[in-house]
Amino acid sequence: MRSLFLTILFVVLCHSTMGDDLVQQACKKAADGDKALNYNFCVSTLEASPGSKGADLAGLVGIALDLTTKKATSIKSTITKLQSDPKVDKSALQDCAELFSDALDSLGQATSAFKSKDYGSALTQLSASLDAPDTCETGFKEKKAVSPLSKDDADCTQLNIICLAFINQLRGA
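This structure is a prediction, so every number in the text was calculated from the model and none was measured. (Residues numbered from 1 in each chain as written. Predicted model: local features only at pLDDT ≥ 70, side-chain atom pairs only at ≥ 80, totals over all residues. Heavy atoms only, no water.)

### Things to note about the overall build of the protein chain
And then number 1: Of regular secondary structure, the protein chain possesses six helices and zero strands.
And then number 2: Here the protein chain holds 173 residues, and 40% of them are scored as buried.
And then number 3: For the protein chain, the computed accessible surface area is about 9400 Å², with 57% contributed by carbon and sulfur atoms. (Helix = DSSP H or I, 4+ residues; strand = E, 2+ residues; numbered from the N terminus. Buried < 20%, exposed > 50% of the residue type's maximum accessible area, 1.4 Å probe, protein only. Areas by Shrake-Rupley, 256 points an atom, 1.4 Å probe, with all protein chains shown as cover.)

### A few points about the nonpolar core
And then number 1: One finds Phe 100, Leu 149 and Phe 166 to be the most contacted residues of the largest nonpolar core, which totals 49 residues.
And then number 2: Of all elements in the fold, only α1 (2–33), α2 (39–47), α3 (57–82), α4 (90–115), α5 (119–142) and α6 (150–171) reach the threshold of two or more residues within this core.
And then number 3: Residues in contact with Leu 149, not counting those within four places in the same chain, are Ile 75, Thr 78, Ile 79, Leu 82, Leu 93, Cys 96, Cys 136, Glu 137 and Phe 140. (Core = buried A, V, L, I, M, F, W, Y, C linked by side-chain atoms within 4.5 Å. Contact = heavy atoms within 4.5 Å.)

### Details of the pattern of salt bridges
And then number 1: Here the structure, examined in full by the defined rule, presents four salt bridges.
And then number 2: Note that Asp 155 is salt-bridged to Lys 151, the shortest N-O span being 2.8 Å. Of this pair, Asp 155 and Lys 151 both sit in helix α6, four residues apart, which is roughly one turn of the helix.
And then number 3: Looking at Lys 151, the relative accessible area reads 58%, which means it is exposed. (Salt bridge = Lys/Arg side-chain N within 4 Å of Asp/Glu carboxyl O.)

### A few points about α5
And then number 1: An ideal rise of 1.5 Å per residue puts 34 Å on 24 residues; α5 measures up with 35 Å between its terminal C-alpha atoms.
And then number 2: Of all the bends in α5, the largest measures some 25° and sits at Pro 133.
And then number 3: Among all positions of α5, only Tyr 119, Ala 122, Leu 123, Gln 125, Leu 126, Ser 129, Ala 132, Pro 133, Cys 136, Glu 137, Gly 139 and Phe 140 are buried.
And then number 4: Elements in contact with the buried residues of α5: α3, α4 and α6. (Expected span 1.5 Å × (residues − 1). Bend = angle between axes of the 7 residues up to and from the residue.)

Right, here's the structure in full:
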C-alpha cells in the first residue's frame, strides 16, 4: 500500500513539473523567436494560470487566448470608467474604446478559428488585435497626453505576442 502511495505521489509530482517545464520551454522558444516577447512575463503569467500545469501547447494557447481576451475586456472597462475623469484626454480615450472593441471582435474570431484548428485565420485575427494597444498609446502621444492605460496596453501586447508565438509553434513555423 505504501509503495502505491509513493508511486502515485511520484507521478503527480512529475506531471506538475512537466507542465511548468512546457511553459518554460514554450516561452523560451517564443522569446528566442521574437525579441519583443518578455520571457519572464510569459512564464509568470502562464504559470499563475489555472490549467497551465499539465497542459499541452494547444492548451497553453487556449489559456493565452483567454487571458488576452480578459485583458482587452478589462482595458475596455477601464476606458469606460476613465471617460468621467477630467484629467484624461477624451478624444484619445474614444479612439482607444473603438480600437479595443475591434480587438475584442478579432480575439473572438481568433479563438473560434483556433478551436477549429484554422491556425492561419487565428494568426490573422491575432495580428489585427495586436495593433490596438500600440495604436491606443500612439493616440495619447500624438495629443501630448499621458496615457492611463500604458501598463495594461503593454501587458495586452505581451499576451497577444504569446498567442501568436505559440500558434506558430503549433504550426511548426
